Amino acid sequence: PDHSQETKRIVAFGGTGKTVALIYKKLGRLLGENANVVICDFPPSSDYNSPDGRLDRDLAEEGVGQQFRINTLPDDLPSVPNTLVDTFNLPSTIADALFTRKQQDTPPAEGLNQEPQVGASVAWWKTKRDGKQIREKCSGQAEIFLVAGLGGGTGTGVTPVFASFLREVSVNSRLHGVFLLPWQNIGGNAVGNAGQERNAKSLLNYLRDRGEELFDSMVVIGSPPGVDLYSSGSGAKRPIHPTLILAALYILMWHSYGGGSQLTS
């Protein structure tokens, strides 16, 4: 059967979500499926030679361009690298009570630097100020797949807030969470593997406690046995990590395998 854009919508968060969306679009073109894709991230990179810039360019070539993108910042806020405190004009007493100094100094306009608390705060403002836009772009299909990596600030911080919002405004849709465990070895720097592990455990605990309230189904996909994490920046010619392919296949084969349950097994 033809399960195309009339039944599915994919909402992809952050770099990992965008990569899965790109793989889905390429495979879907071969298999005759073309669900609508919405990117929830920061504005496209102007540097097409950077990894994120190449990813944005490739998505645009697959038909996922600016018309489908939702900036994670509220539309009425300038997309400039101000700190979190300056962006939201937070009093110091509130900022000190809610955020660490590092989080306060994180500019939410260019990335969330593995800080899900910052991502959740930005997303909350976004849903309050631009809720109509989010509802129009992210809902409207019978099956809505939210795809996110569990290592960074966008996937772990923004996704739960959007899921809660869409749960309220998409009463006739089923929400599916497709979550990917960290698949890149990004080292031991300030935003390294320890941060990825911390974020993944935090969101998994959250999904254990509240996941059934937000999602009709959830799947967490990690590296198959014997497959190592890829080193960050190890070159453009490396093969696609299997975790990303499995996530795209999971969405593609959802209907064919009984709503995902058999596919998960």
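Residues numbered from 1 in each chain as written. Predicted model: local features only at pLDDT ≥ 70, side-chain atom pairs only at ≥ 80, totals over all residues. Heavy atoms only, no water.

**Q** Which parts of the structure should I look at to understand the pairing of strand β4 (residues 143-149)?
**A** Strand residues, when the strand is regular, have side chains that alternate between the two faces of the sheet. Among the seven residues of β4, seven are classified as buried, and the element is accordingly described as predominantly covered. Taking every second residue as pointing to the same face, both faces of β4 are buried, with E143, F145, V147 and G149 on one and I144, L146 and A148 on the other. In terms of strand pairing, strand β1 (residues 8-13) meets β4 through six bridges, oriented parallel. Note on β4: the bridge partner recorded for F13 is A148. With helix α8 (residues 153-169) bridging β4 and its parallel neighbour strand β5 (residues 174-180), the resulting β-α-β unit is right-handed. (Buried < 20%, exposed > 50% of the residue type's maximum accessible area, 1.4 Å probe, protein only. Helix = DSSP H or I, 4+ residues; strand = E, 2+ residues; numbered from the N terminus. Pairing = 2+ DSSP bridges. Right-handed = clockwise from strand over helix to strand, strands pointing away.)

**Q** How do you make sense of the packing of aromatic side chains when you look at a structure like this?
**A** The geometry of an aromatic ring pair comes down to the distance between the two centres and the angle between the two planes. Scanning the model with the defined rule gives six aromatic pairs in all. Judged by centre distance (5.0 Å) and plane angle (40 degrees), the ring pair of F88 and W125 falls under tilted. Here F88, found in helix α3 (residues 84-88), pairs with W125, found in helix α6 (residues 116-129); they are 37 residues apart in sequence, far enough to count as distant. On the basis of relative accessibility, which here comes to 25%, the residue W125 falls in the partly exposed class. Pairing F179 with F215 gives two aromatic rings, centres 5.6 Å apart and planes at 85 degrees, and the pair type is edge-to-face. (Phe/Tyr/Trp six-rings, centres within 6.5 Å; stacked < 30°, edge-to-face > 60°.)

**Q** Explanation requested: the pairing of β5 in the structure shown.
**A** Of all seven residues that make up β5, six are buried, and the element is covered over most of its length. In this sheet, β5 lies alongside β4 in parallel orientation, the contact comprising seven bridges. Paired with A148 across the two strands is F179, which belongs to β5. Looking at chain direction, β5 and strand β7 (residues 217-221) are connected through five bridges and run parallel. What sits directly across from G177, in β7, is M218.

**Q** Can you walk me through the packing of α6 against helix α7 (residues 131-138) in this structure?
**A** The packing of two helices is summarised by the inter-axis angle and the distance between the axes. Where α6 contacts α7, the axes come no closer than 5 Å and their chain directions differ by 90 degrees. If you check the angle between α6 and α7, you find them roughly perpendicular. Of α7, the residues touching α6 (which contributes K126, T127 and R129) are G131, Q133 and I134. (Axes fitted to C-alpha atoms, helices over the stretch in contact; angles between N-to-C directions. Parallel < 35°, antiparallel > 145°, perpendicular 65-115°, else oblique. Contact = heavy atoms within 4.5 Å.)

**Q** Whenever I open this one, the nonpolar core confuses me. Can you help?
**A** Nonpolar side chains in soluble globular proteins tend to end up buried together. Ranked by internal contacts, the top residues of the largest apolar core, which has 38 residues, are F13, C40, C138, L146 and F215. The element that contributes the greatest number of residues to this core is α8, accounting for six residues. Residues in contact with C138, not counting those within four places in the same chain, are R9, V11, V38, C40, I70, I144 and L166. Membership of the second largest hydrophobic core comes to 28 residues, among which are A21, A35, I39 and I221. (Core = buried A, V, L, I, M, F, W, Y, C linked by side-chain atoms within 4.5 Å.)

**Q** Sorry, what's going on with the confidence of the model for the protein chain here?
**A** Per-residue pLDDT for the protein chain has a mean of 85; in total, 89% of the residues score no lower than 70. The model gives residues 1-5 a pLDDT under 50, and that stretch makes 10 contacts with residues more than four places away or in other chains. (pLDDT = per-residue confidence, 0-100.)

**Q** Teacher, can you tell me more about unusual backbone geometry here?
**A** With the exception of glycine, the majority of residues adopt a negative phi angle, and the majority of peptide bonds are in the trans configuration. Despite not being glycine, N89 shows a phi value in the positive range, around 55 degrees. Inspection of the secondary structure puts N89 in the loop between α3 and α4 (92-98).

**Q** Explanation requested: the environment of I186 in the structure shown.
**A** By secondary structure assignment, the location of I186 is in the loop between β6 (184-185) and α9 (193-214). Overall, the relative accessible area of 23% leaves I186 in the partly exposed class.

**Q** It is not clear to me how the pattern of salt bridges should be interpreted in this structure. Could you clarify?
**A** Opposite charge on two side chains permits pairing when their charged atoms draw close. Per the counting criterion, the structure on display carries 18 salt bridges. E143 is the salt-bridge partner of R174, the closest N and O atoms lying 3.1 Å from each other. With R174 in strand β5 and E143 in strand β4, this pair connects stretches of sequence that are 31 residues apart. Taking the relative accessible area as the measure of exposure, R174 reaches 38% and is therefore partly exposed. The salt bridge partner of D209 is R208, with a shortest N-O separation of 3.2 Å. (Salt bridge = Lys/Arg side-chain N within 4 Å of Asp/Glu carboxyl O.)

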